[in-house]
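Next come the chains, spelled out residue by residue.
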Amino acid sequence: LEAVHGREAARNDRWVREWPLRKRALLHISLGGLLLLVVTTGVGLVFMWFFDDGPIGDADRAAAEWLEDGRTPTLNTFTEYGSMLSETLVKVALVAVVGGAFVLIVRRWHDGVFLALAVSLESTVFVIASFIVDRDRPPVEQLDPPAPSGSFPSGHAGAAVAFYVGLCVVVCWHTCNRIVRAIFVVVAVAAPLAVGFSRAARGMHHPIDVIAGLLLGLAAL
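Heads up: these notes are all about the structure in this document. Keep in mind the model is a prediction, meaning the values are calculated, not measured.

1. Observations concerning the overall build of the protein chain
Item 1. A tally of helices and strands in the protein chain yields nine helices and zero strands.
Item 2. Along the protein chain, from the amino end to the carboxyl end, the secondary structure elements read α-α-α-α-α-α-α-α-α.
Item 3. Its C-alpha atoms give the protein chain principal-axis dimensions of about 75 × 40 × 30 Å.
Item 4. Taken across its 221 residues, the protein chain has 40% of its residues classed as buried.
Item 5. Expressed as a percentage of contacts within the protein chain between residues at least 6 apart in sequence, the contacts between residues at least 24 apart total 81%.
Item 6. With an accessible surface of roughly 12,300 Å², the protein chain has 70% of that area assigned to carbon and sulfur atoms.
Item 7. Each charge class in the protein chain was averaged separately, 18 positive and 20 negative side chains, and the resulting centres sit 16 Å apart.

Structural data, given as structure tokens:
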């Protein structure tokens, strides 16, 4: 009996010791993050050098102006809440609460660390790349205070993909319930799209910036 209780206690306490970020994992994440930064920055600079001052850039700015013309009080309220889904304080709180809940429920670190790293990696690459590329914000009225970083890529859109799609991956890993999976798949698709549209509609990003942010979030994930 003592041996059985000892094995049960070991299983219950093992999750505390099983920290997933070993040296090899940290090396992979570091190299992957560096590669992602180089690719994101390179794509942004190539766009700025060859395409922004031309038909593609003009169409991108025209789309931002078209979205500005379509604003209504109701739509502005919707985009305000849509943008909040990926605000800095909101995503930090969500990662902390959801990640902590998974640690307590499934008794392992991997899920919480996975979500935190995905969002952190996306945010780090976005901040550095946006300062280097330094694209101007759309030539429209901006409904939110602009960040000091550039417009390319959209950090809000990227973080939305990293968190909400990452959450869907974690949930689908732990359950085979089709209804639960379907709910989180819908959230994983709807939330990033709502955030991306909201950021563009509020004049904070061009559509191309949003697309680049969504791809960045997926790559970080």
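What follows continues from the structure just given.
2. Looking at the pattern of salt bridges
Any two side chains of opposite charge can pair if their charged atoms end up close together.
Item 1. A full pass over the atoms with the stated rule returns eight salt bridges.
Item 2. Of the charged contacts, one joins Asp-144 and Arg-202 as a salt bridge, the two residues approaching to 2.9 Å between their closest N and O atoms. Residue Asp-144 is found in the loop between helix 6 (110-133) and helix 7 (155-174), and its partner Arg-202 is found in the loop between helix 8 (178-201) and helix 9 (207-220); the two are separated by 58 residues along the sequence.
Item 3. Among the residues examined, Arg-202 registers a relative accessible area of 6% and is labelled buried.

3. Some thoughts on the packing of aromatic side chains
Item 1. Using the criterion set out here, one finds one aromatic pair in the structure.
Item 2. Residues Phe-163 and Tyr-164 carry aromatic rings whose centres are separated by 5.0 Å and whose planes lie at 85° to one another, so their mutual orientation is edge-to-face. Taken as a pair, Phe-163 and Tyr-164 share a single burial class, namely buried.

4. So, the environment of Val-189
Item 1. With respect to the helices, strands and loops of the structure, Val-189 is situated in helix 8.
Item 2. Note: C-alpha distance between Val-189 and Tyr-164 (25 residues apart in sequence) is 8.1 Å.

5. Some points on unusual backbone geometry
Item 1. Put simply, Phe-152 and Pro-153 share a cis peptide bond, and its omega is -10°.
Item 2. With respect to the helices, strands and loops of the structure, Pro-153 is situated in the loop between helix 6 and helix 7.
Item 3. In the Ramachandran plot, Asp-134 falls in the positive-phi region, its phi being about 55° despite a non-glycine side chain.
Item 4. Along the chain, Asp-134 turns up in the loop between helix 6 and helix 7.
Item 5. Asp-134 gets classed as partly exposed once you look at its relative accessible area, which sits at 48%.

6. Some details on a nonpolar patch on the surface
Item 1. A cluster of nonpolar side chains, namely Val-46, Trp-49, Phe-50, Phe-51 and Ile-56, defines an oily patch on the protein surface of about 550 Å² accessible area.
Item 2. For the nonpolar patch, the element with the highest residue contribution is helix 2 (residues 23-50), accounting for three residues.
Item 3. Assignment of secondary structure puts Trp-49 in helix 2.
Item 4. On the basis of relative accessibility, which here comes to 61%, the residue Trp-49 falls in the exposed class.

7. Quick notes on the side chain of Asp-52
Item 1. Here Asp-52 shows up in the loop between helix 2 and helix 3 (55-69).
Item 2. Relative accessible area serves as the criterion here: at 12%, Asp-52 is assigned to the buried category.
Item 3. At 2.9 Å, the side chain of Asp-52 and the side chain of Arg-135 are in polar contact.
Item 4. The residues touching Asp-52, leaving out its near neighbours within four places in the chain, are Phe-47, Gly-57, Asp-58, Arg-61 and Arg-135.

8. What to know about the nonpolar core
Item 1. Counting 15 residues, the largest nonpolar core has Val-98, Phe-102, Leu-115, Val-119, Phe-163, Tyr-164 and Leu-167 as the members making the most contacts within it.
Item 2. Taken together, the elements giving at least two residues each to this core come down to helix 5 (88-106), helix 6, helix 7 and helix 8.
Item 3. Examining the composition of this core, we find that seven residues originate from one element, helix 7, more than from any other.

The rules we used
Residues numbered from 1 in each chain as written. Predicted model: local features only at pLDDT ≥ 70, side-chain atom pairs only at ≥ 80, totals over all residues. Heavy atoms only, no water. Helix = DSSP H or I, 4+ residues; strand = E, 2+ residues; numbered from the N terminus. Buried < 20%, exposed > 50% of the residue type's maximum accessible area, 1.4 Å probe, protein only. Contact = heavy atoms within 4.5 Å. Areas by Shrake-Rupley, 256 points an atom, 1.4 Å probe, with all protein chains shown as cover. Lys, Arg positive; Asp, Glu negative; His and termini not counted. Charge placed at Lys NZ, Arg CZ, Asp CG, Glu CD. Salt bridge = Lys/Arg side-chain N within 4 Å of Asp/Glu carboxyl O. Phe/Tyr/Trp six-rings, centres within 6.5 Å; stacked < 30°, edge-to-face > 60°. Patch = residues over 30% accessible without salt bridge, like charges linked within 9 Å, V, L, I, M, F, W, Y side chains within 5 Å. Polar contact = N/O pair within 3.5 Å; in protein donor to acceptor, adjacent residues only side chain to side chain. Core = buried A, V, L, I, M, F, W, Y, C linked by side-chain atoms within 4.5 Å.

Interpretation in functional terms is not warranted from these geometric data alone.
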